[in-house]
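Here is what each chain is made of, one letter per residue.
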Amino acid sequence: MENLVKGTKVLVVDAAHPDGAELAEAAQVLRSGGLVAFPTETVYGLGANALDGQAVARIFAAKGRPQDNPLIVHVADREAVSQVAAVVPPKAQQLMERFWPGPLTLVLPKTPEVPEEVTCGLQSVGIRMPSHPVARALIRAAGVPVAAPSANLSGRPSPTSAEHVIEDLAGRVDVILDGGETGVGVESTVLDMTVDPPVLLRPGGVTVEQLTAEIGPVNLDKAMAGAAPGEKPRSPGMKYKHYAPKAPLILVDGPVLAMQAKIRDLSYEYREEGRRVGIMCCAESRGAYQADVILEYGSRAQPETLACDLFATLRAFDRHQVDVILAEGVSTAGIGLAVMNRLMRAAAGRVVHV
Ligand code: AMP
Ligand code: MG
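Definitions and limits used
Residues numbered from 1 in each chain as written. Chains lettered and ligands numbered in written order. Predicted model: local features only at pLDDT ≥ 70, side-chain atom pairs only at ≥ 80, totals over all residues. Heavy atoms only, no water. Pairing = 2+ DSSP bridges. Helix = DSSP H or I, 4+ residues; strand = E, 2+ residues; numbered from the N terminus. Axes fitted to C-alpha atoms, helices over the stretch in contact; angles between N-to-C directions. Salt bridge = Lys/Arg side-chain N within 4 Å of Asp/Glu carboxyl O. Buried < 20%, exposed > 50% of the residue type's maximum accessible area, 1.4 Å probe, protein only. Expected span 1.5 Å × (residues − 1). Contact = heavy atoms within 4.5 Å. Parallel < 35°, antiparallel > 145°, perpendicular 65-115°, else oblique. Left-handed = near helix turned anticlockwise from the far one by under 90°. Nonpolar A, V, L, I, M, F, W, Y, C, P; charged D, E, K, R; others polar. Phe/Tyr/Trp six-rings, centres within 6.5 Å; stacked < 30°, edge-to-face > 60°.

1. A few points about the sheet that holds strand β15 (residues 293-296)
On the basis of which strands lie adjacent, the open sheet formed by 5 strands has the order β15-β14-β16-β13-β17 and parallel pairing. The open sheet is flanked by β15 and β17 (351-353), the only strands paired with a single partner. Taken pair by pair, the neighbouring strands of this sheet meet at an average axis angle of 20°, ignoring direction. Relative to β17, strand β13 (residues 249-253) runs parallel, the two being bridged by 3 bridges.

Now the structure itself:
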């Protein structure tokens, strides 16, 4: 099935059997230097041939992405790693065996073949092997490694459905492959393997607990939460405005009952001022609030559901046209660390600890 939106081809693919003419067409677009958005198990990615500097430069233009924020290179198999990584230390090898294909990006020294447009001049490159059948089939059919950041306009919440990609990028890219909703919902974990112990640059789909169980200690990048003023981030992407819905978001964090009380107080105050208030909470808290719009984003008892619905919920507040969003914090255990990292950054410093 094919559909043209503002000049961008939207091709529907069957995620269970991604082998049709749509996939071959998208692969051809990649090979000839074009841009293709495609589903992965984390969020939708915006891909270009990673070995073609000019094609990669188009990604930055389409997204409005800052020029110093490097891209992750996606590969379909382990053999392709040696084309882009100059060295693969034993711990990196071990992590690939355990977590690939899956939501883990490893930063390794790059080969000369990787153009500077991908790494923004860094001598290292982030590499991952996605597990989504459409992503894998596309990369394999293209026959080249695929550089791909999230397929959103820079600064907006990452896309977890083709509709989100169309909202942000229709008219700015060649093809959008619609393979349904993504699964994990937050981006990959980024781990710097050029140092030992490795450093966590971004929490994501693979948890710190899973990493340390496999390879021992992992250091957390101090600037990771974006909360350390003056600290130079090692992962350039961490310093930019991110995941922002249109209305300002205030993150309230602390023990559940105190958090709920604070959100109730703030909601009351803002509504007294005539502002339209949105509350973003987990299912367990739904009954604790009154506001103009209350959106649940999963259950505290199953933190993966929080990750899965996080970005779609942030985008939904735009449609409800609220003036301010009050968001509940969650535990940072497991995938919760990635959820809190995205909420902190969506809040851009507006965090209330109770
Ligand atoms: P995105 O493509 O939007 O998922 O963002 C990719 C993330 O990976 C950004 O936070 C980048 O800063 C980070 N990243 C990619 N390549 C490298 C690298 N070579 N060194 C450090 N961080 C990287
Ligand atoms: Mg992104």
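That was the structure; now back to the text.
2. Topic: the pattern of salt bridges
According to the stated counting rule, one finds 16 salt bridges in the structure shown. Between D174 and R58 there is a salt bridge whose closest N-O contact spans 3.3 Å. On the criterion of sequence distance, the pair formed by D174 in the loop between α7 (162-169) and β9 (175-178) and R58 in helix α2 (residues 53-63) is long-range, its members being 116 residues apart. Judged by relative accessible area, R58 falls into the partly exposed class, the value being 34%.

3. Notes on helix α10 (residues 303-319)
Compared with the 24 Å implied by 1.5 Å per residue over 17 residues, the 25 Å span of α10 between its first and last C-alpha is a close match. All of the buried residues in α10 are L306, A307, L310, F311, T313, L314, R315, A316, F317 and D318. Each element contacted by the buried residues of α10 is listed here: α7, β13, β14 (277-281), β15, β16 (324-328) and α11 (336-347). Positioned one or two residues after α10, Q321 has a phi angle of 50°, which is positive.

4. A closer look at the sheet that holds strand β3 (residues 36-38)
In space, the 12 strands of this open sheet follow the order β1-β2-β9-β3-β4-β8-β5-β7-β6-β10-β11-β12, with mixed pairing throughout. At either end of the open sheet lies a strand with only one pairing partner, and these are β1 (2-5) and β12 (219-220). Sheet topology note: the strand β2 (residues 8-12)/β9 ladder contains 4 bridges and is parallel. By the bridge assignment for β9, V12 is matched with D178. In this fold helix α1 (residues 21-31) packs onto β2, β3, β4 (45-49), β8 (146-147) and β9, with an angle of close to 145° to the strand it touches most, β9. Against the sheet, helix α4 (residues 90-99) makes contact with β6 (104-109) and β10 (189-192), and its axis sits at roughly 155° relative to β6, the strand it touches most.

5. Describing the packing of α10 against α11
Between α10 and α11, whose axes approach to 10 Å, the crossing angle comes to 20°. By the angle class used here, α10 and α11 are roughly parallel. α10 and α11 meet at a crossing whose hand is left-handed. Counting all contacts with α10, which are made through L306, A307, L310, F311 and L314, the residues of α11 involved are V339, R342, L343 and A346. Class assignment of the residues belonging to the contact of α10 with α11 gives a composition of 8 nonpolar, no polar and 1 charged.

6. Some words on the side chain of S161
Its place among the elements puts S161 in the loop between β8 and α7. Residue S161 is classed as buried on the basis of its relative accessible area of 6%. In this view, S161 contacts Y44, G180 and E181; residues no more than four positions away in its chain are not counted.

7. A short note on the pairing of β13
Along β13, 4 of the 5 residues are buried, which leaves the element largely enclosed by surrounding structure. Sheet topology places β13 next to β16; 4 bridges connect them, and they run parallel. Bridge assignment links L251 to a residue of β16, and that residue is A327.

8. Section: the packing of aromatic side chains
This structure, assessed with the given rule, holds 1 aromatic pair. Between Y243 and F311, the ring centres sit 5.1 Å apart and the planes meet at 25°, which makes this aromatic pair stacked. With Y243 in the loop between β12 and β13 and F311 in helix α10, this residue pair connects regions lying 68 residues apart in the sequence. With respect to class, Y243 is no different from F311; both count as buried.

9. Brief notes about the environment of G64
Positionally, G64 belongs in the loop between α2 and β5 (72-74). We classify G64 as partly exposed; its relative accessible area is 48%. With 88 residues separating them along the chain, G64 and N152 place their C-alpha atoms 9.4 Å apart.

Fair warning: the whole summary comes from geometry, so function is off the table for now.
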